Structure formats: C-alpha cells, structure tokens
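# What the coordinates show
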Amino acid sequence: MAVQVAITLFAFIVLTTAKPPSPITCPIVFDGRVAKNLTLQDFDTDGLTPYQAGYVHGVNLTWSKIVQFPKAPPSKFDSTHDKAVEVTISDGSLFQPGGGQVQTGFRRAGFLLGANNGSDASNVGVKTFHWSVKQDQNPRMGMNLTHEYMNVWHETNDYSHNQFSFKAGVVLFVPKSNQTNKRTWKITNYKDEIVWSTPIDFEDWQNFAVTLDYNKSTLQIYYSQGNDPLRVATHPLPNDNSGGGQFQIGVAKKPTETQGVVYDGYQETHIHEGQIYGGIFVEDSSGGCVSGSKN
Ligand SMILES: *[C@@H]1O[C@H](CO)[C@@H](O)[C@H](O)[C@H]1NC(C)=O
Ligand SMILES: *[C@@H]1O[C@H](CO)[C@@H](O)[C@H](O)[C@H]1NC(C)=O
Ligand SMILES: *[C@@H]1O[C@H](CO)[C@@H](O)[C@H](O)[C@H]1NC(C)=O
Ligand SMILES: *[C@@H]1O[C@H](CO)[C@@H](O)[C@H](O)[C@H]1NC(C)=O
Ligand SMILES: *[C@@H]1O[C@H](CO)[C@@H](O)[C@H](O)[C@H]1NC(C)=O
Ligand SMILES: *[C@@H]1O[C@H](CO)[C@@H](O)[C@H](O)[C@H]1NC(C)=O
C-alpha cells in the first residue's frame, strides 16, 4: 500500500514538474519559429514576428495575404508553443526590388529573419541552418515539378550566388546526366552543383539542416523524416562560404523555357501553391553541436 502511494506520488510529481525537453539544444542565433499566438496581420509589422514585414514578396501583396496557418502537427523542432506556417504563391507573387524592374520570371515569396542583415553572427564561425517542410494535402496547392523550385537558400550580400540552395523539380541549366528525379529535394553548393538529394515525402514532415563552417570553408547536410533524429547526410564538403548573406525561406518558382530566369520564360496562370514550414532556426555549431542529431 505504502509503495503504491509512493509510486503514485512520484508519478504525480514527475507529471507536474517535468517540462518537455527543448528540441533545440545548441545556442540559438536566430529563432524563426512561429508562436501559436501570432496572427496573420502580425506578419505585416516588423518586430511582431521573427521575419521582415517588407521582404521578399509580391510588390502589391503583404505577408498577411501570403501566409496561412495550416492544420499540421508540430514539426520536430517546434515547441508546444509554436505552430506550422505556410508560404503561398499566386500570379501576383511578382517581386520588384526597390526601384528595379518587376521580376516577371519568378513567382516568389520568402521569409527573411529580422536580424539577419547579411553581416551578423550567422555569417561567422560554424553555424547550422534548420528548416522542416511538409506538403499541403490539397493537391492543387502542390508544386508543379516541371518547374524548378528554389525554396530555401543562403545568398551572398552582392547577390552574385548562393552558398547553398534547397531545390525541387527540374533544375534549370543542370545537364540531364546531373539531374536527379524531379520528385526529389536537392541541395546545391556555391557552384549550383547538386551535392545531395532525397525523395519528396508528400505526407510527412521532412527535416533539413545545413552546417556552414566559415573557417574551414565546408558545407555539411543533415536530414531526417518526422520526429526521427537528424542523421549525417554528407561529409563536410568543400564550399566557398564567403560573401556574407541572408537565409531565405519560402517558395521561388522559376519559369520554364527561360534564358535568364529573372525576367523571361514561361509561367502558368491561375496558380495558388503553398509550402508548409516549421522549426526554422539558426544555431551555433562550434564544437560540433547540431540539435536533434545523433552525432
Ligand atoms: C501593382 O499595382 C500598381 C497599382 O495598381 C500597378 O500599376 C502595377 O502594375 C502592379 N504591379 C504588379 C507587378 O502587379
Ligand atoms: C506569445 O507566446 C509566447 C510564447 O511562445 C510568449 O513569449 C509571448 O509573450 C506571447 N505573446 C503575447 C502577445 O501573448
Ligand atoms: C548587422 O547586425 C550586426 C549584429 O547585430 C551588427 O553588428 C552590424 O552592424 C549590422 N550590419 C549592418 C550592415 O547593418
Ligand atoms: C573561426 O575563426 C575566427 C577568426 O579567426 C575565430 O575567432 C573563431 O574562434 C573561429 N571559430 C571556430 C569555431 O573555429
Ligand atoms: C555535373 O557533374 C560533374 C561531375 O560530377 C561536375 O563536375 C559538374 O560540375 C556538374 N555540373 C553541374 C552543372 O552540376
Ligand atoms: C506544369 O507546368 C508546365 C509548364 O508551366 C505546364 O505546361 C503544365 O500544364 C503544368 N502541369 C500541371 C499539372 O499544372
């Protein structure tokens, strides 16, 4: 009897005092996770969400018209206070950089972290960029994988190239012999070469992480599905990580039949597509720390 009481009491204490362990175990540089109490309108004001209100979206759109809160279970790195967020594109997803020409080649909307100004802590030492993706269960919102999608990337301050990119579909200007199946996610290096790919899962969350070692000039990829621990997907690969830059997360649908990508080529009309994201953050991986990995 006394033992039973002790066990019950013990269980009670554990249940009432144990907090769920934080899914992020390394020092956070930028936390892009979306708290459950954020509203769509909050995305239109700097400082209310982790993301910049003014970038990067259609010239006549605001983030509150682009973002959706999908019914999706929390992703691996979201805490119980966070929710999934969906970035959508439509015919009006035409970006016009300040004073520049409208980028009619792309349909794009991408989050930029508020404090990620291109010459911040995420651009020195050893940093890991995390994001998880899930596909909308409405097939009409899905990607048309005849196109190249570049949905996540880290772009240099002079916009000349990306240290890495995360793509799907048919990648433009990559010879057939180098293409992977169009229904795969691919990560490309600073030379736009596909260095790793994995099939797109149309049901489950997929978790990606890229470690940039700015001192050793390497890139390393980690991956898992659902709640599985992240696993090493590549060795540290040589990569030129110089040039500073920003981490962009969303959708950039490139045209087909294009020469220059930005202003020409073919895009279908009447589109409304979305990508679901969760667990976006950047962490300090000096000493080899990568949250959620087995290594
Ligand atoms: C944005 O709206 C302005 C004013 O209505 C219009 O002149 C312009 O063509 C629109 N731009 C795009 C890219 O739709
Ligand atoms: C929203 O929730 C977060 C916890 O995720 C909390 O820190 C914050 O204070 C809340 N904001 C408001 C306005 O309630
Ligand atoms: C970017 O942010 C860092 C860290 O907050 C700051 O030291 C630096 O001056 C900023 N750079 C620019 C160009 O705003
Ligand atoms: C990277 O190099 C900088 C400058 O030499 C140094 O301060 C820093 O400690 C190095 N970081 C790591 C993780 O090796
Ligand atoms: C194609 O693959 C070859 C051999 O791996 C590589 O040298 C080349 O850079 C690749 N080209 C592109 C555009 O990915
Ligand atoms: C996919 O995109 C191509 C090129 O824009 C277009 O011709 C085709 O009709 C699209 N397929 C679907 C199913 O929407």
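As shown above, the structure is provided for reference.
Notes on the structure follow. Here the structure is a predicted model, which is why all the values come from computation and not from measurement. (Residues numbered from 1 in each chain as written. Chains lettered and ligands numbered in written order. Predicted model: local features only at pLDDT ≥ 70, side-chain atom pairs only at ≥ 80, totals over all residues. Heavy atoms only, no water.)

Near ligand 2 the following residues occur: A35, N37 and H81. Here N37 contributes a side-chain N or O atom positioned 2.4 Å from an oxygen atom of ligand 2. (Near = heavy atom within 4 Å. Polar contact = N/O pair within 3.5 Å; in protein donor to acceptor, adjacent residues only side chain to side chain.)

A separate point is the site of ligand 5. P175, N178 and E193 make up every residue found near ligand 5. Side-chain polar atom of N178 to an oxygen atom of ligand 5: 2.3 Å apart, as the coordinates give it. In the environment of ligand 5, an oxygen atom lies 2.8 Å from a nitrogen or oxygen atom belonging to the side chain of E193. Computed on the free molecule, ligand 5 has an accessible area of 360 Å², of which 43% lies beneath the protein chains in the complex. (Areas by Shrake-Rupley, 256 points an atom, 1.4 Å probe, with all protein chains shown as cover.)

Before going further, it helps to spend a moment on the state of the cysteines. Applying the stated rule across the entire model yields 1 disulfide. Here C26 is linked by a disulfide to C289, with a sulfur-sulfur distance of 2.1 Å. Judged by the torsion about the S-S bond (-90 degrees), the C26/C289 disulfide is left-handed. On the criterion of sequence distance, the pair formed by C26 in the loop between α1 (2–17) and β1 (28–31) and C289 in the segment after β17 (272–284) is long-range, its members being 263 residues apart. (Disulfide = S-S within 2.5 Å. Helix = DSSP H or I, 4+ residues; strand = E, 2+ residues; numbered from the N terminus.)

Counted by the stated rule, this structure contains 1 cavity of 30 Å³ or more. Its boundaries defined by the atoms lining it, the largest cavity holds a volume of some 30 Å³. If you go around the largest cavity, the residues you meet are G32, R33, V34, K83, V85, Y277, G278, G279 and I280. Sorting elements by how many residues they give to the lining of the largest cavity places β17 first, with 4 residues. Considered class by class, the residues forming the lining of the largest cavity number 4 nonpolar, 3 polar and 2 charged. (1 Å grid on protein atoms, 1.4 Å probe; cavity = no way out; pocket = protein on both sides within 12 Å on 5 of 7 lines; lining within 4 Å. Points joined across faces, edges and corners; volume = space filled by probe spheres on them. Nonpolar A, V, L, I, M, F, W, Y, C, P; charged D, E, K, R; others polar.)

Applying the stated criterion to the full structure yields 17 aromatic pairs. Ring geometry for W131 and F166: centres 5.1 Å apart, planes at 70 degrees, overall edge-to-face. Of the two residues, W131 sits in strand β7 (residues 126–135) while F166 sits in strand β9 (residues 162–169), which places them 35 residues apart along the sequence. Summarising the burial analysis for this pair, W131 and F166 share the class buried. With 6.3 Å between their ring centres and 70 degrees between their planes, W196 and F208 make a pair best called edge-to-face. Highlighted residues: W196 in strand β11 (residues 194–199) and F208 in strand β12 (residues 206–213), separated in sequence by 12 residues. The residues W196 and F208 share a single accessibility class, namely buried. The side chain of K76 reaches across the aromatic face of F77, ending 5.5 Å from its centre. Here R108 stacks its cationic end above the ring of F106, 5.7 Å away from the centre of that ring. (Phe/Tyr/Trp six-rings, centres within 6.5 Å; stacked < 30°, edge-to-face > 60°. Buried < 20%, exposed > 50% of the residue type's maximum accessible area, 1.4 Å probe, protein only. Lys NZ or Arg CZ within 6 Å of the ring centre and 35° of its normal.)

Turning to the nonpolar core, a few remarks are in order. With 42 residues, the main nonpolar core has W131, F247 and Y277 as its most contacted residues. Membership of the second largest hydrophobic core comes to 7 residues, among which are F77, A209, F281 and V290. (Core = buried A, V, L, I, M, F, W, Y, C linked by side-chain atoms within 4.5 Å.)

Once their charged atoms are close, side chains differing in charge can pair, the charge on each being opposite to the other. Going through the model one piece at a time under the given rule, you end up with 7 salt bridges. The shortest N-O distance in the salt bridge between E268 and K253 comes to 3.1 Å. You can see E268 sitting in the loop between β16 (246–253) and β17 and its partner K253 sitting in strand β16, a full 15 residues away along the chain. Judged by its relative accessible area of 26%, E268 is partly exposed. Judged by its relative accessible area of 0%, K253 falls in the buried class. Of the charged contacts, one joins E273 and K253 as a salt bridge, the two residues approaching to 2.8 Å between their closest N and O atoms. Of this pair, E273 sits in strand β17 while K253 sits in strand β16, and the two are 20 residues apart along the sequence. Each of E148, K167, D192 and K254 takes part in one network of salt bridges that share partners. (Salt bridge = Lys/Arg side-chain N within 4 Å of Asp/Glu carboxyl O.)

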